[in-house]
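Here is what each chain is made of, one letter per residue.
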Amino acid sequence: MTWHVDEMSAKRYVARRLDGTSAASIESHALVCDECRTRLGQQVDDVLLDSVWLALTEALDRPDASPIERALQRIGCSDVTARVVAATSRQRWPFVLAVAISLSMSLVAIQSSYEDFFGLFLIIAPLGPLVATASSFGRWSDPAYEITVMAPTPALRILLIRIAASVVPAIALTALSVPWLLDRGWFAIAWLLPSLALSAGALALSSWVDVERAALGLGLMWLALPTMLRLPVARLIDLFGAPVQVVSAVVAATAVVVVATRHESFDIGGL
Amino acid sequence: MSAIVQIRSLSRTYGRSPALGPVDLDFGVGVTGLLGPNGAGKTTLLRILATSLAPSGGDIRVLGHDAGTPSGRLAIRRQLGYVPQELGLYENFTAFDFVDYVAILKEHVDRRARHDEVRRVIAEVDLSDVRSKKIRKLSGGMRRRVALAQALLGEPTLLVLDEPTVGLDPEQRLRFRQIISRHAERRCVVLSTHMTEDVEALCDRVVVLVQGRVAFDGTPLELAGKAAGRVWVGDRLDPGAAVSWRTGEGRHRHVGDPPPGAELIPPTVQDGYLLLNGGVPEGASA
């Protein structure tokens with residue numbers, strides 16, 4: 001060790017009045033010299049030290065945002081909203097699977113030009129957003145459901161944030177099939193209104209029962225609809241005509257009204 | 001005792017099966033332990049108290065706020081810390097992230113102040129060294145402490161803990177008792193447990209629930225007193241005893257109606273509970 005930091009330099013360093021080269025030199029020297037480290041430490045104001053230490057702890061503790069969380073923050077979501085969405089990122093796999101199945105069905109329909117597959121695609125496509133709704137926020141899909149529901153933040157707000165964060169991508173992914181189905185005319189998007197009706201219906205029913213049960217019940221009813229109407233697979237497309245579109249729009253609108261009028265029911269977890 | 005929680009004619013049914021009540025109870029500052037066999041209604045009562053379950057009948061007030069109204073529930077939730085029986089933690093979060101997430105839900109909006117509060121509660125449960133570890137890598141006892149840390153956020157007036165000592169080793173249980181007793185000096189703590197040792201060591205008051213009804217409400221000493229003159233030891237198993245077990249010293253401990261000349265010993269909370277319940281609690285071997 002050929003040199004030590006003198007008192008004056010130590011004071012100037014702490015006061016940040018040294019030039020960059022001298023400061024860097026002192027810093028690298030202090031790493032290996034106990035005596036100079038002590039001398040520098042004696043010059044540092046306790047308040048400043050505390051604030052630096054706190055800033056350091058804060059930087060170390062700052063939650064490591066997941067890619068989804070970062071993406072949401074980038075598009076303008078608050079860090080609170082982004083965290084609420086990111087908390088249950090694993091629960092998204094069921095709806096990704098459901099969307100993948102419906103997309104596969106659409107691809108088969110395009111490739112085979114076999115009419116039955118297009119009908120099956122239209123029946124299955126609304127299940128993606130419905131599964132997304134079911135896996136958004138509920139007793140079975142969120143491990144911290146009970147802790148979450150008794151927190152002061154309204155459960156409906158969390159439910160709506162999570163549903164928006166899963167249903168919108170589910171619909172967007174399902175819509176990837178549209179460009180290939182344009183030759184079907186407006187039937188290429190005939191699944192959209194039923195999708196919204198089923199998701200909104202499940203949300204409305206979740207003011208009475210768990211959202212998972214509501215979605216399961218509606219999903220089974222939806223799948224049973226062709227049987228109840230005695231529609232063969234070849235005529236499944238008939239189901240998506242104007243009457244069903246109108247009914248879907250009415251169901252979706254009614255569901256929104258139900259959610260608005262029963263919003264207080266959502267804040268009790270185990271009805 | 002000034003009541004922080006007032007429960008009147010509270011009941012809950014699941015379908016047609018009655019699970020709780022009607023019960024009338026008041027809870028004030030201090031630790032109240034709920035004892036009872038499985039299915040006695042402990043968790044139901046605590047979930048109603050934590051506003052996560054609606055009662056079928058009756059009233060519940062916390063600090064004067066009516067849990068039956070949305071505004072009352074919101075006011076209660078702002079004063080509440082809750083550890084459910086089933087610990088639901090996000091495995092991919094660190095301990096800090098999880099407690100921070102709950103702090104967000106508990107309306108701690110300012111990030112710096114929130115992080116300070118998160119660090120405070122994590123230090124309180126002695127998890128500072130592992131706060132950056134993923135929850136999936138924490139032991140069962142540490143997970144319990146993470147759950148307790150989130151309940152302590154904001155220094156709640158009412159702390160509701162459903163079987164908080166399950167899975168804790170003796171050292172962790174002692175630490176838990178320390179934390180809870182420190183909190184109970186100024187706050188109301190209601191916890192359920194199967195461990196009569198916890199009640200003896202921690203609670204100023206014990207409520208025994210049997211089939212949804214209050215079978216006993218008093219101090220642990222009074223509960224033990226229920227078995228005064230009804231606990232004895234002998235070298236052989238006494239077939240006349242209601243419950244017997246062989247102790248570590250090789251003698252037989254009996255609870256029930258002692259025969260003449262029996263060697264009576266002072267009763268414990270467990271003895272009183274056994275007689276009250278007419279059965280064997282989890283954790284005791286008959």
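Calculation notes
- Residues numbered from 1 in each chain as written.
- Chains lettered and ligands numbered in written order.
- Predicted model: local features only at pLDDT ≥ 70, side-chain atom pairs only at ≥ 80, totals over all residues.
- Heavy atoms only, no water.
- Pairing = 2+ DSSP bridges.
- Helix = DSSP H or I, 4+ residues; strand = E, 2+ residues; numbered from the N terminus.
- Axes fitted to C-alpha atoms, helices over the stretch in contact; angles between N-to-C directions.
- Core = buried A, V, L, I, M, F, W, Y, C linked by side-chain atoms within 4.5 Å.
- Buried < 20%, exposed > 50% of the residue type's maximum accessible area, 1.4 Å probe, protein only.
- Contact = heavy atoms within 4.5 Å.
- Salt bridge = Lys/Arg side-chain N within 4 Å of Asp/Glu carboxyl O.
- Polar contact = N/O pair within 3.5 Å; in protein donor to acceptor, adjacent residues only side chain to side chain.
- Domains from an automatic or database assignment.
- Buried area = accessible area lost by both parts, 1.4 Å probe.

## Comments concerning the sheet that holds strand β6 (residues 80–83) of chain B
All names here are of chain B. Taking strand neighbours across the sheet as the criterion, the six strands line up as β6-β7-β8-β3-β9-β10 in an open arrangement whose pairing is mixed. Only two strands of the sheet have a single partner each, and these edge strands are β6 and β10 (213–218). This sheet shows a mean twist of 15 degrees between the axes of neighbouring strands, independent of strand direction. The pairing of strand β7 (residues 158–162) with strand β8 (residues 188–192) spans five bridges and is parallel. Along β8, the bridge assignment pairs L158 with C188.

## Concerning the nonpolar core
Note on soluble globular proteins: their nonpolar side chains tend to be buried together. In this structure, F98, V146, L148, L161 and I180 of chain B are the most contacted members of the largest nonpolar core, which totals 105 residues. Broken down by element, this core gets its largest block of residues, nine residues, from helix α11 (residues 155–174) of chain A. With near-sequence residues (within four places) excluded, V146 of chain B lies in contact with L89, A95, F98, V99, L127, I135 and L138 of chain B. L34, L45, L46 and L53 of chain B belong to the second largest nonpolar core, which has 29 residues in total.

## Focus on the pattern of salt bridges
Residue and element names in this part refer to chain B. Per the stated rule, a full pass over the model turns up 25 salt bridges over all chains. A salt bridge links D100 to R114, with the nearest nitrogen and oxygen atoms 2.7 Å apart. Note that D100 is positioned in helix α3 (residues 95–105) and R114 in helix α4 (residues 111–124), a separation of 14 residues in sequence. When its relative accessible area of 1% is taken as the criterion, D100 is described as buried. A residue is classified by how much of its surface remains accessible, and R114, at 3% relative accessible area, is buried. Linking R230 and D257 is a salt bridge whose minimum nitrogen-to-oxygen distance equals 3.2 Å. Taken together, the residues span a long stretch of sequence, with R230 in the loop between α8 (220–225) and β11 (231–234) and D257 in the loop between β13 (252–255) and β14 (263–264) at a distance of 27 residues. Exposure remark for D257: the relative accessible area of 57% places this residue in the exposed category. The structure contains a network of salt bridges with shared partners spanning E117, R120, E124 and R182.

## Quick look at the environment of R235 of chain A
Residue and element names in this part refer to chain A. Residue position: R235 is located in the loop between α13 (211–228) and α14 (242–261). Overall, R235 belongs to the partly exposed group, its relative accessible area being 43%. Along the chain, R235 and G119 lie 116 residues apart, while their C-alpha atoms are 7.4 Å from each other.

## Observations concerning the side chain of E69 of chain A
Residue and element names in this part refer to chain A. Mapping E69 onto the fold places it in helix α5 (residues 67–74). A polar contact of 2.8 Å, which involves the side chain of E69, links it to the side chain of R83. For E69, the contacting residues outside a window of four places in its chain are A82, R83 and A86.

## Quick word on helix α1 (residues 7–14) of chain A
If you check the start of α1 of chain A, you find a side-chain oxygen 3.1 Å away from the backbone N of M8 of chain A, and it comes from D6 of chain A. Backbone geometry just downstream of α1 of chain A places R16 of chain A in the positive-phi region, at approximately 60 degrees.

## Concerning the pairing of strand β3 (residues 30–35) of chain B
Residue and element names in this part refer to chain B. Here β3 lies mainly inside the structure; six of its six residues are buried. What you see with β3 is no split at all: G30, T32 and L34 on one side and V31, G33 and L35 on the other are buried throughout. Sheet analysis places β3 next to β8, joined by five bridges and oriented parallel. Bridge pairing in β8 places G30 opposite C188. Here β3 runs beside strand β9 (residues 205–210); their pairing, made up of four bridges, is parallel.

## A word on the domain arrangement of chain B
Domain annotation of chain B identifies domain 1 (5–220) and domain 2 (229–266). Put simply, the middle of domain 1 of chain B and the middle of domain 2 of chain B, counted by C-alpha atoms, are 37 Å apart.

## Digging into the interface of chain B and chain A
Contact with chain B, which involves 40 residues of that partner, is made by 36 residues of chain A. With both chains or domains summed, chain B and chain A bury close to 3400 Å², and 55% of this area falls on carbon and sulfur atoms. A per-residue breakdown of the area chain B buries against chain A is headed by R77, Y90 and L105 of chain B, which together make up 19% of the total. Between the two partners, chain B and chain A, sit one salt bridge. Of the charged contacts, one joins R47 of chain B and E146 of chain A as a salt bridge, the two residues approaching to 2.6 Å between their closest N and O atoms. The interface formed by chain B and chain A holds seven residue pairs in polar contact (both at pLDDT 80 or more) in total. Of all the secondary structure elements, the ones that give two or more residues to the side of chain B that touches chain A are α2 (70–77), β6, α3 and α4 of chain B. The biggest single contributor to the side of chain B that touches chain A is α3 of chain B, with eight residues.

## What about the sheet that holds strand β12 (residues 243–246) of chain B?
Strands sit in the order β12-β13-β11-β14 (chain B) across an open sheet of four strands; the sheet is antiparallel. Of all the strands in the sheet, the pair left with one neighbour each is β12 and β14 of chain B.

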